[in-house]
Amino acid sequence: MLSSSIALAHMFIVGQPQTFDLTLLITGPPTFTSLAITGDDMAGTSPRTKAELGCTSVQELVITGDDLPERYIYKDSDYGVMDASLPLMNMPIIDIGRLKSSSPTGEEELENLRSALSSWGCFQAINHGIESSFLDKVRDVTKQLLELPMEEKQRYSRAPDDIEGYGNDMVLSDNQTLDWTDRLFLTVNPEDQRKLNYWPQNPEVFRETMHEHATNLRLIAEDLLKAMARSLNLEENCFLNQYGDAAIMQLRFNFYPRCPRPDLVLGLKPHADGSAITIVLQDIEVEGLQFLKDDQWGRVPIMPHALLINVGDQIEIMSNGIFKSPVHRVVTNSKRERISLAIFCSPESGKEVEPVEGLIDDKRPRLYKKVKNYVDTYFQYYQQGKRPIDAVKV
Ligand SMILES: O=C(O)CCC(=O)C(=O)O
Ligand SMILES: [Fe+2]
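None of the values given here were measured: they were computed from a predicted structure. (Residues numbered from 1 in each chain as written. Chains lettered and ligands numbered in written order. Predicted model: local features only at pLDDT ≥ 70, side-chain atom pairs only at ≥ 80, totals over all residues. Heavy atoms only, no water.)

For the rest of this paragraph, the subject is the side chain of Q59. Positionally, Q59 belongs in helix α4 (residues 58-64). Note on Q59: relative accessible area 13%, which makes it buried. Engagement of the side chain of Q59 in a polar contact is seen with the side chain of K153, the distance being 2.6 Å. Look past the residues within four positions of Q59 in its chain and what remains in contact with it is L146, L148, M150, K153, Y166, D182, F255 and P257. (Helix = DSSP H or I, 4+ residues; strand = E, 2+ residues; numbered from the N terminus. Buried < 20%, exposed > 50% of the residue type's maximum accessible area, 1.4 Å probe, protein only. Polar contact = N/O pair within 3.5 Å; in protein donor to acceptor, adjacent residues only side chain to side chain. Contact = heavy atoms within 4.5 Å.)

Now the structure itself:
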């Protein structure tokens with residue numbers, strides 16, 4: 001589907017140097033329409049069943065007790081041991097409140113942030129200013145939504161040419177191994193881009209709760225971008241300027257049903273996020289998220305009222321590779337289902353993103369090209385098990 005000659009043919013120039021518009025790194029028009037081949041197939045006269053095509057929700061598979069479909073099974077060892085008993089990670093913890101202080105403890109916390117993001121790319125955020133009771137409510141509403149009967153959730157089903165809405169892992173190629181997850185994906189910011197037809201009204205408080213959650217997290221993301229710049233002795237707005245005032249925020253409600261074969265199936269395949277920053281509210285009882293650090297997978301410990309924050313590829317680009325966009329995955333569980341809510345914070349649509357000047361010198365030459373609309377095609381690379389960031393390396 002992706003050919004480097006086509007990618008090159010579509011490369012275009014906005015001033016100097018060249019800007020990679022990633023929406024053009026695919027064949028056909030820069031939308032999902034051209035890629036949802038299997039979706040179109042489904043709507044037609046194909047004799048293949050929904051399950052064979054991989055468009056049955058995972059929850060339906062579980063309910064109907066179908067044998068585990070081949071399409072979910074990893075047959076090679078590229079993904080490492082799918083083991084839920086790996087060691088717990090000693091993940092950095094960052095006190096968000098302290099980052100703003102100009103006192104020595106504030107300076108110390110900035111240094112902790114710099115170190116966390118350059119060696120791990122992720123941390124658990126505490127003292128972030130959001131009430132624990134509110135986070136409990138967000139979790140509760142998420143759980144109520146994901147546990148609604150299938151027919152109710154299907155009212156928000158993703159259209160075949162859309163990325164937003166409710167559905168299973170998006171099927172982009174015939175040989176893709178599917179993730180054991182169903183999800184609702186929504187754009188929450190800019191507000192005028194919300195597709196309200198996908199926004200549930202049951203639970204009744206869903207819309208207002210998610211609006212408030214996104215509003216809180218937007219402020220945290222902006223403060224963090226400033227702190228990240230200060231931690232590198234840069235002018236505090238240098239990342240924010242690339243992020244823009246109309247930054248994109250997308251919510252992904254992840255539902256991982258119980259899986260009969262956690263040794264063969266992944267909840268979410270290994271990936272690094274295409275965002276600038278991702279903020280995850282993890283399941284309060286069931287582990288599953290794992291990060292790859294120094295070539296070893298490790299389990300993320302549950303910290304009930306912390307926010308799990310990782311940087312995505314776009315911060316790796318802006319920081320000229322100093323901050324690392326970490327690879328992570330989710331394993332499945334045969335006894336418990338798991339729920340999480342990830343919010344992806346990405347630069348405003350059309351904004352050019354590139355390594356900031358102050359981080360390029362003779363010792364550290366520019367590592368990434370200028371890019372825009374990085375997020376749009378992120379999923380096509382992701383589904384093919386490729387790292388999109390490799391496409392924009394100098
Ligand atoms: O379920 C999780 O804890 C993480 C989800 C995640 O990595 C993602 O949605 O990109
Ligand atoms: Fe992720």
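Picking up after the structure, the text goes on.
The next thing to look at is the pattern of salt bridges. Taken as a whole and assessed by the stated rule, the structure comprises 19 salt bridges. Residue K100 is joined to D223 by a salt bridge in which the shortest nitrogen-to-oxygen separation is 3.2 Å. Here the residue K100 occupies a position in the loop between α5 (96-99) and α6 (104-119), and D223 occupies one in helix α9 (residues 206-231), the gap between them amounting to 123 residues. A salt bridge links K370 to E352, with the nearest nitrogen and oxygen atoms 3.6 Å apart. With K370 in strand β14 (residues 370-372) and E352 in the loop between β13 (338-346) and β14, this pair connects stretches of sequence that are 18 residues apart. Here the residues in one salt-bridge network are R98, E108 and E109, joined through shared partners. (Salt bridge = Lys/Arg side-chain N within 4 Å of Asp/Glu carboxyl O.)

Checked against the element boundaries, H305 lands in the loop between β10 (296-299) and β11 (307-311). On the basis of relative accessibility, which here comes to 30%, the residue H305 falls in the partly exposed class. H305 sits 39 residues away from F344 along the chain, and the two C-alpha atoms are 19 Å apart. In this view, H305 contacts H128, S132, L135, D136 and R139; residues no more than four positions away in its chain are not counted.

Soluble globular proteins tend to pack their nonpolar side chains together in the buried interior. Formed by 72 residues in total, the largest nonpolar core has its most connected members in F123, M228, F239 and L307. Sequence-distant contacts of F123, that is, excluding residues within four places in its chain, are made with M91, P92, I94, I96, L113, A116, L117, L224, L307, L308 and I309. If you look at the next biggest cluster of nonpolar residues, it comprises 15 residues, including W120, C122, L289 and F344. (Core = buried A, V, L, I, M, F, W, Y, C linked by side-chain atoms within 4.5 Å.)

Moving on: the sheet that holds strand β12 (residues 328-331). Pairing between the strands of a sheet is mediated by backbone hydrogen bonds and can be parallel or antiparallel. Pairing in this open sheet of four strands is antiparallel, and the strands run β7-β12-β9-β10 from one edge to the other. Each of the sheet's edge strands pairs with one partner strand only, and the pair in question is β7 (266-271) and β10. Across the sheet, the mean angle separating the axes of adjacent strands is 25 degrees when strand polarity is ignored. As judged from the three bridges shared by strand β9 (residues 289-293) and β12, these two strands associate in the antiparallel manner. Each residue of the ladder has a partner; that of F291, found in β12, is H328. (Pairing = 2+ DSSP bridges. Axes fitted to C-alpha atoms, helices over the stretch in contact; angles between N-to-C directions.)

Our focus in this paragraph is the confidence of the model for the protein chain. Per-residue pLDDT for the protein chain has a mean of 84; in total, 82% of the residues score no lower than 70. This model gives residues 1-18 a pLDDT under 50, and the stretch forms 26 contacts once residues within four places in sequence are excluded. Taken together, the stretch residues 20-53 has pLDDT below 50 and engages in 72 contacts with residues farther than four places along the chain or on a different chain. With a pTM of 0.86, the predicted complex shows an ipTM of 0.99. (pLDDT = per-residue confidence, 0-100.)

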